[in-house]
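Examining the three-dimensional arrangement
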Amino acid sequence: MPQSHPRGRFRFLRVATAGIISLYIGLTAYEHQENLIRALISPAVRLLPARTSSNLALLACKYRLLPASKYKDNVNLNSSFFGRHITNPIGLAAGFDRNGEAVHGLKDLGFGFIEIGSVTPLAQKASPRPRVFRLSDDRAIISRNSIDSDGHQAVVQRLRRLRETDGFDAVVGVNLEHNFSSKTPISDYMSGVKTFGPVADYLVVNYSNAKGKRHSTSSKKQLIELLEAVNTARAQLRPNRYGKVPILLKLSPDMTLDEMKDVASVISMSTCQVDGLIVANATMLHNSISGSRWSREKGALSGEPLRQRSTIMIAQMYQLTNNSVPIIGVGGVSSGHDAYEKIEAGASYVQIYTAFVYEGPELVERIKSELSICIAEMGYENVREVVGSNYEQYLPVRAAGSR
């Protein structure tokens, strides 16, 4: 039999994608949208290449084609988020909406807060394809260094327009990044603070990326330099209606215990204080997926294989900081029970990403409902009471024995 021509396969992919987009649009006139998404659309999207399906989902959120959530958050999920009231502690991690195009649609799905980015000062294109690999058996994704950013000015204009929209009340954070070609990455972070400080509810600096290319760790001296710089940049801003814009530090799960101790030491310094930590970024270690078809692909691994490691690290940072710095837990969360584990390990809030890409918009309601039930069944009245309530259970033996 003759082999199919690559151009023919590409044409088929375009037709398939267009068909699924049409189905999404048709959902706006369908009475039982949620059931159709669950039964037909989500499985169809998963047949497409990882980046294509993610872009398609983003497009649906951008144009608000998905039905708004009708789930009313239980009062036991209500919390305070760096001075803002949120009805639930479940947020969307950076990486899905890189350029702030779909915030309204994502808010419709019921997220408590939304993080956009990473955003670079100058517009830049991502690394060549393929750069995203779906590991379905592992419920994971490998992403190569692929920050596709519209740049500061384009994204900040979108956020300004959102802030001017009547009734807009979403909590939106901006994940900052430097340009690939930058010779002064710390200056890029300072530029991000100055640009987005007036319009963002919080800002995120990636510690693992601060050297100018992807590393699992950075030195203590460089961290001091980085945090002193971003705090200096923030000090030059006028406070917004909620005060100074919070700055969060995102950590790599590949850090050693000594490196985590360094972080705890640095952020206790008056010139290097941060308002929160995000634990953890994607991992560069692939030993947990050694049998996978894509295990040898280079890139950052996110999803289920990261779940246990990120939860352990949350407990470690909760202990090392003496519960003095709020933590956003991220990594492998796909259920309310996963979220509950991260919260009792020390996280005040939880983000999802990979599971959202796999399971679709209905996942948000399910996680919130399951988390609310877990809180009630364990005898707590509010999620705030759960934070760090059982962190010692998640500490590795060597860390627990060192107390």
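Note that this is a predicted model, so its numbers are computed, not measured. (Residues numbered from 1 in each chain as written. Predicted model: local features only at pLDDT ≥ 70, side-chain atom pairs only at ≥ 80, totals over all residues. Heavy atoms only, no water.)

A separate point is the overall build of the chain. The helix and strand tally for the chain stands at 13 helices and 13 strands. Across the 403 residues that make up the chain, the buried fraction comes to 56%. In the chain, the share of contacts with a sequence separation of at least 24, taken over all contacts with a separation of at least 6, comes to 73%. Counting only carbon and sulfur atoms, one obtains 51% of the accessible surface of the chain, whose full area is about 18,300 Å². (Helix = DSSP H or I, 4+ residues; strand = E, 2+ residues; numbered from the N terminus. Buried < 20%, exposed > 50% of the residue type's maximum accessible area, 1.4 Å probe, protein only. Contact = heavy atoms within 4.5 Å. Areas by Shrake-Rupley, 256 points an atom, 1.4 Å probe, with all protein chains shown as cover.)

Grouped together as the largest cluster of nonpolar side chains are 103 residues, with contacts concentrated most on Leu106, Phe196, Leu249 and Phe356. Filtering out sequence-adjacent residues up to four positions away, Leu106 remains in contact with Cys61, Leu92, Phe96, Asp97, Phe111, Ile114 and Phe356. (Core = buried A, V, L, I, M, F, W, Y, C linked by side-chain atoms within 4.5 Å.)

Applying the stated criterion across every chain yields a total of 10 aromatic pairs. Ring geometry for Phe96 versus Phe356: centroids 5.2 Å apart, planes at 75 degrees, classification edge-to-face. Here Phe96 is found in the loop between strand S3 (90-92) and helix H4 (103-108), whereas its partner Phe356 is found in helix H11 (residues 354-359), with 260 residues between them in sequence. You can call Phe96 buried: its relative accessible area is 4%. Each residue in the set Phe81, Phe82, Phe113, Tyr202 and Tyr349 is aromatic and connected to the rest through ring pairs, giving one cluster. (Phe/Tyr/Trp six-rings, centres within 6.5 Å; stacked < 30°, edge-to-face > 60°.)

Chain-level pLDDT for the chain is 86 on average; 82% of the residues reach the 70-or-more range. In this model residues 22-32 is a low-confidence stretch, pLDDT under 50, and it forms 16 contacts with partners more than four residues away in sequence or in other chains. Considering only residues more than four positions removed or in separate chains, one finds that residues 210-217, a stretch of pLDDT under 50, has 28 contacts. (pLDDT = per-residue confidence, 0-100.)

Taken in spatial order, the eight strands line up as S3-S4-S7-S8-S9-S10-S12-S13 and close into a barrel, and their pairing is parallel. Strand-to-strand twist in this sheet, taken as the mean axis angle between neighbours without regard to direction, amounts to 25 degrees. Pairing analysis gives four bridges linking strand S9 (residues 247-251) to strand S10 (residues 276-279), with the strands arranged parallel. Pairing of Leu251 across the sheet is with Val279, part of S10. (Pairing = 2+ DSSP bridges. Axes fitted to C-alpha atoms, helices over the stretch in contact; angles between N-to-C directions.)

Our focus in this paragraph is the packing of helix H8 (residues 257-266) against helix H9 (residues 307-320). Across the interface, H8 lies against H9 with an axial gap of 10 Å and an inter-helix angle of 45 degrees. Relative to H9, the element H8 lies oblique. Relative to H9, H8 is oriented so that their crossing is right-handed. On the side of H8, the interface is formed by Leu257, Met260, Lys261, Val263 and Ala264, while H9 contributes Arg309, Met313, Gln316, Met317 and Leu320. For the contact of H8 with H9, the per-class residue count stands at seven nonpolar, one polar and two charged. (Parallel < 35°, antiparallel > 145°, perpendicular 65-115°, else oblique. Left-handed = near helix turned anticlockwise from the far one by under 90°. Nonpolar A, V, L, I, M, F, W, Y, C, P; charged D, E, K, R; others polar.)

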